[in-house]
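So you can see what is in the structure, the chains are spelled out below.
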Amino acid sequence: MKALFILAASAAMTASSVAYAADAVEQIPQAPQAVETPVVFSWNGPYIGAHTGYAWGSGDAAGGGSDDFDGWRLGGFVGYNWQFSSGFVAGIEGDVNYDWNENSYPGGIDIDTGFSGSVRGRVGYAMDRALIFAAAGWTATTAHINGGGFDDDDMLNGWTVGAGVDYAFTDNIFGRLEYRYNDFGNGSLGGADFDFNQHVINVGIGVKF
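Keep in mind it's a predicted model, so treat the numbers as computed, not measured.

Visitor: Report on the pattern of salt bridges, specifying residues and quantitative values.
Guide: Under the defined criterion, the tally for this structure stands at ten salt bridges. The salt bridge involving Glu93 is made with Arg176; its shortest N-O contact spans 2.9 Å. Remark: Arg176 occurs in strand β9 (residues 173-189) and Glu93 occurs in strand β3 (residues 88-99); sequence separation between them is 83 residues. Assigned by exposure class, Glu93 and Arg176 land together as buried. A salt bridge links Asp171 to Arg129, with the nearest nitrogen and oxygen atoms 2.8 Å apart. Highlighted residues: Asp171 in the loop between β8 (150-168) and β9 and Arg129 in the loop between β6 (114-127) and β7 (130-147), separated in sequence by 42 residues. Classification of Asp171 by relative accessible area gives partly exposed; the value is 48%.

Quick look at the structure:
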């Protein structure tokens, strides 16, 4: 009788083990699902580009009155951005430009400013592919006078401030629209004190690395 009880208990345990094993086979865990992490665009890194635009200039000569020096311009820029997790962006940028703004006066006298350049610090806020920025720094241009017994030039040094927006069309190509005010200070041109300032609109395209 005792042997029969032990045999019955063993059979029950075996059946229970088989049933548990069957359940375990049926409950095979599913492979984890792949989760796509959205790629966040970053403005961090170096860049280079070119721009064109129009400048409205004003020149004043002591004892000689003032005149407008307006014209198209062409230039290039290079810089570096640091982007932080909050969306804040800081950077530094330099540019070189040429302005077609020559004026001619009686006596065969020509006056223009020609080449200019600047080094600016930039701060901005990135909203994915759009970067709104403000910039300010040092700027300089070379003024020329030629003809009528004059052949002189001088470098004018001053300050620049402006704002704009960069927009990334791809991960590497971006466009730019900006306004800038340049106050080039004053110098001496043809023996007279001369000062010059500009309002500028630039449209550009750049490559981000």
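Don't stop here, the text continues.
Visitor: Break down empty space enclosed by the protein for me, with residues and values.
Guide: Using the criterion set out here, one finds one cavity of 30 Å³ or more in the structure. Quantified by volume, the largest cavity comes out at close to 30 Å³. Every residue lining the largest cavity is listed: Arg73, Asp95, Asn97, Ser116, Gly117, Ser118, Thr139, Arg180 and Asn182. Contributing elements (two or more residues each) for the lining of the largest cavity: β3, β6 and β9. Of the residues belonging to the lining of the largest cavity, the class tally is no nonpolar, six polar and three charged.

Visitor: Outline the packing of aromatic side chains, supporting the account with residue identities and numerical values.
Guide: Inspection of the entire model under this criterion finds 15 aromatic pairs. Consider the rings of Tyr47 and Phe174, whose centres lie 5.8 Å apart with planes at 80°: the pair is edge-to-face. With a gap of 127 residues between them, Tyr47 in strand β1 (residues 45-61) and Phe174 in strand β9 connect regions that are remote in the sequence. On the accessibility criterion, Phe174 (2% relative accessible area) is buried.

Visitor: Lay out a nonpolar patch on the surface with the relevant residues and their values.
Guide: Taken together, the side chains of Trp56, Tyr125, Met127, Ile132, Val165, Leu177, Tyr179, Ile201 and Val203 present a nonpolar region at the surface, about 810 Å² in accessible area. Put simply, the parts of the chain that give the nonpolar patch at least two residues each are β6, β9 and β10 (192-208). Among the structural elements, Tyr125 can be located in strand β6.

Visitor: Break down the environment of Asp195 for me, citing the residues and quoting the values.
Guide: On the secondary structure map, Asp195 appears in strand β10. Judged by relative accessible area, which is 28%, Asp195 ranks as partly exposed. Apart from the residues within four sequence positions on either side, Asp195 is in contact with Ser58, Gly59, Asp60, Gly185 and Asn186.

Visitor: Tell me about the pairing of β7, and name the residues and values.
Guide: Two faces make up the sheet, and in a regular strand the side chains alternate between them. Of the strand pairs in this sheet, strand β5 (residues 109-112) and β7 are connected by three bridges, and their pairing is antiparallel. Within β7, the position partnered with Asp110 by the bridge is Asn146. Sheet topology note: the β6/β7 ladder contains twelve bridges and is antiparallel. Counterpart to Gly121 in the pairing with β7 is Ala136.

Visitor: If you had to explain the nonpolar core to someone new, which residues and values would you point to?
Guide: If you look at the biggest cluster of nonpolar residues, it comprises ten residues: Phe69, Ile109, Ile111, Ala143, Ile145, Leu156, Phe184, Leu189, Phe194 and Phe196. Looking at this core, the elements with two or more residues in it are β5, β7, β9 and β10. Setting aside its immediate chain neighbours within four residues, Ile145 contacts Ile109, Asp110, Ile111, Phe150, Asp151, Asp152, Leu189 and Gly190. With nine residues, the next largest nonpolar core counts Phe41, Trp43, Leu131 and Phe174 among its residues.

Visitor: Quick one: what's the story with the layout of surface pockets, residue by residue and with numbers?
Guide: To find leftover empty space, a probe the size of one water molecule is rolled over the atoms. Here the largest pocket defines a volume of roughly 310 Å³. Around the largest pocket, the lining comprises 20 residues; the ones closest to its centre are Ala61, Gly64, Ile111, Ile145 and Phe194. Contributions of two or more residues to the lining of the largest pocket are made by β1, β2 (65-83), β5 and β10. Broken down by element, the residue count for the lining of the largest pocket peaks at four residues, all from β2. By residue class, the composition of the lining of the largest pocket is eleven nonpolar, six polar and three charged.

About the thresholds
For every chain, the first residue of the written sequence is number 1, and numbering continues from 1 along that sequence. For a predicted model such as this one, the threshold for reporting local features is a pLDDT of at least 70, and the threshold for listing and counting side-chain atom pairs is 80 or more; totals across whole chains, interfaces and linings nevertheless cover every residue. Based on all heavy atoms of the structure, the side-chain values leave hydrogens and waters out of the count. A pairing counts as a salt bridge when a side-chain nitrogen of Lys or Arg comes within 4 Å of a carboxyl oxygen of Asp or Glu. Secondary structure elements are defined from DSSP: runs of H or I of at least 4 residues count as helices, runs of E of at least 2 residues count as strands, and each element is numbered from the N terminus. A 1.4 Å probe rolled over the protein chains alone gives each residue an accessible area, and that area as a share of the maximum for its type sets the label: buried under 20%, exposed over 50%, partly exposed in between. Think of a 1 Å grid over the protein atoms and nothing else: a 1.4 Å probe that fits but is trapped marks a cavity, an open set flanked by protein within 12 Å on at least five of seven lines marks a pocket, and residues with an atom within 4 Å of a point count as lining. Grid points are joined across faces, edges and corners, and a volume is the space filled by probe spheres set on the points. Here the term charged refers only to Asp, Glu, Lys and Arg, the term nonpolar to Ala, Val, Leu, Ile, Met, Phe, Trp, Tyr, Cys and Pro, and the term polar to all other amino acids, Gly among them. Two rings from Phe, Tyr or Trp (for Trp, the six-membered ring) form a pair when their centres are within 6.5 Å of each other. A pair whose planes differ by under 30 degrees is stacked, one over 60 is edge-to-face, and the rest are tilted. Patch definition: residues above 30% relative accessible area lacking any salt bridge, with like charges linked at up to 9 Å and the nonpolar side chains Val, Leu, Ile, Met, Phe, Trp and Tyr linked at up to 5 Å. Areas reported as accessible are Shrake-Rupley estimates using a 1.4 Å probe. Residue values count occlusion only from the protein chains shown. Should any heavy atoms of two residues lie within 4.5 Å, those residues are counted as being in contact. Any two strands with at least two DSSP-identified bridges between them are counted as paired. Only buried residues count toward a nonpolar core. Its members are Ala, Val, Leu, Ile, Met, Phe, Trp, Tyr and Cys residues joined through side-chain atoms within 4.5 Å.

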